[in-house]
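Letter by letter, the chains look like this.
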Amino acid sequence: MKKIGVVLSGCGVYDGSEIHEAVLTLLAIDRNGAEAVCMAPSMEFREVNHLTSQETGATRNALVEAARIARGKIRDVKDVSAVELDAVIFPGGYGAAKNLCTFAEKGAAATINPEVARLIREMAVAKKPIGAICIAPALIAATLGRDYKPKVTIGTDAGTAAAITETGSEHVSCPVAEFVVDRENKIVTTPAYMLANRISEAAEGIEKAVKAVVEMA
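Residues numbered from 1 in each chain as written. Predicted model: local features only at pLDDT ≥ 70, side-chain atom pairs only at ≥ 80, totals over all residues. Heavy atoms only, no water.

A. Looking closely at the overall build of the chain. Helices and strands together make up the secondary structure of the chain, namely eight helices and 11 strands. Radius of gyration (C-alpha) of the chain: 15 Å, near the 17 Å computed for a compact globule of 217 residues. Expressed along its principal axes, the backbone C-alpha trace of the chain runs to roughly 45 × 40 × 35 Å. Contacts in the chain between residues far apart in sequence, at least 24 positions, make up 66% of those at least 6 positions apart. Once the 24 positive and 27 negative side-chain charges of the chain are each reduced to a mean point, those two points are 4 Å apart. (Helix = DSSP H or I, 4+ residues; strand = E, 2+ residues; numbered from the N terminus. Rg over C-alpha atoms; globule rule 2.2 N^0.38 Å. Contact = heavy atoms within 4.5 Å. Lys, Arg positive; Asp, Glu negative; His and termini not counted. Charge placed at Lys NZ, Arg CZ, Asp CG, Glu CD.)

And the structure:
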């Protein structure tokens with residue numbers, strides 16, 4: 001059975017992983033006959049109240065919070081290597097751009113969580129598929145843009161697309177129900193909630209993208 005890594009960044013759209021996107025990814029992996037290997041970095045982040053969208057002043061741990069989505073079956077990303085995986089997928093949510101990297105704050109000049117960067121680079125060197133959903137393609141662009149010049153999509157947002165282009169990557173506009181494949185670098189991306197207004201819209205693109213990743217693995 002193919003093992004597909006799923007890198008989470010917390011639990012909740014405003015400060016971690018977008019829960020719908022994460023669960024839809026896990027469901028699609030299972031439906032395509034593969035096994036999900038959930039992981040997240042053990043790091044503190046600033047908590048956001050999801051009723052008010054305001055920071056609370058408290059902090060939470062990304063690995064502990066992501067364990068909620070993974071039903072406790074999760075590993076610290078530092079303990080996972082590309083050798084163990086056939087592919088890896090990054091769901092979206094602001095955590096992908098705030099916790100896994102600093103793209104939300106610094107754009108193309110973003111720094112990447114060292115262990116997340118290591119895993120992404122290991123996958124790229126091994127020519128193993130990388131999937132990214134919603135804002136997570138910005139993480140891939142910030143990590144691999146200079147060396148691999150990947151083609152990715154976050155949908156149609158001009159500002160985010162411009163920042164992705166600044167990393168050395170190529171942004172491709174894409175509708176919510178579709179996905180973009182960079183066959184040379186084996187990278188699959190889809191807009192999901194960057195464009196979706198309903199969970200069914202996000203699901204359509206995610207299901208297609210995950211299927212492509214599993215088949216490519």
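Now that the structure has been shown, the text picks up again.
B. Spotlight on the pairing of strand E3 (residues 44-49). Both E3 and strand E4 (residues 54-61) contribute to a ladder of five bridges, which runs antiparallel. Across the sheet, Glu44 pairs through a bridge with Asn61, a residue of E4. If you look at the hairpin formed by E3 and E4, you'll find four residues sitting between the two strands, and Ser53 has a positive phi there, around 65°. (Pairing = 2+ DSSP bridges.)

C. Broad picture of the packing of helix H1 (residues 19-31) against helix H8 (residues 199-216). Following both chains from N to C, one finds H1 and H8 inclined at 40°, their axes separated by 9 Å at the closest point. The pairing of H1 with H8 is recorded here as oblique in orientation. Note that H1 runs across H8; the crossing there is right-handed. In this structure, H1 uses His20, Glu21, Leu24, Thr25, Ala28, Ile29 and Arg31 to contact H8, whose residues at the interface are Ile199, Ala202, Ala203, Ile206, Glu207 and Val210. (Axes fitted to C-alpha atoms, helices over the stretch in contact; angles between N-to-C directions. Parallel < 35°, antiparallel > 145°, perpendicular 65-115°, else oblique. Left-handed = near helix turned anticlockwise from the far one by under 90°.)

D. Spotlight on the environment of Glu178. Inspection of the secondary structure puts Glu178 in the loop between strand E9 (170-171) and strand E10 (180-182). Separated by 61 residues in sequence, Glu178 and Ala117 have C-alpha atoms that sit 26 Å apart. When neighbours within four sequence positions are excluded, Glu178 is seen to be in contact with Thr190, Pro191, Gly205 and Lys208. Polar side-chain contacts of Glu178 include one of 3.0 Å to the side chain of Lys208. (Polar contact = N/O pair within 3.5 Å; in protein donor to acceptor, adjacent residues only side chain to side chain.)

E. Here's a closer look at the pattern of salt bridges. Applying the stated criterion across every chain, the model contains 13 salt bridges. In this structure, Arg121 engages Asp147 in a salt bridge whose closest nitrogen and oxygen atoms are separated by 3.1 Å. Of this pair, Arg121 sits in helix H5 (residues 114-125) while Asp147 sits in helix H6 (residues 136-148); the two residues are 26 residues apart in sequence, bridging distant segments of the chain. Judged by its relative accessible area of 33%, Arg121 is partly exposed. Salt bridges here are not isolated pairs; linked through shared partners, they connect Glu47, Arg60, Glu65 and Arg68. (Salt bridge = Lys/Arg side-chain N within 4 Å of Asp/Glu carboxyl O. Buried < 20%, exposed > 50% of the residue type's maximum accessible area, 1.4 Å probe, protein only.)

F. Main features of the nonpolar core. Counting 36 residues, the largest nonpolar core has Phe90, Phe103 and Ile130 as the members making the most contacts within it. Of all the secondary structure elements, the ones that give two or more residues to this core are strand E2 (35-40), strand E6 (87-90), helix H3 (94-98), H5, strand E7 (130-133), H6 and helix H7 (158-166). In contact with Phe90, not counting residues within four places along its chain, are Val7, Leu100, Val116, Ile120, Ile130, Gly131, Ala132, Ile133, Ala136, Leu139 and Ile140. The next biggest cluster of nonpolar side chains, apart from the first, holds 33 residues, and it includes Ile89, Ala192, Ala203 and Val213. (Core = buried A, V, L, I, M, F, W, Y, C linked by side-chain atoms within 4.5 Å.)

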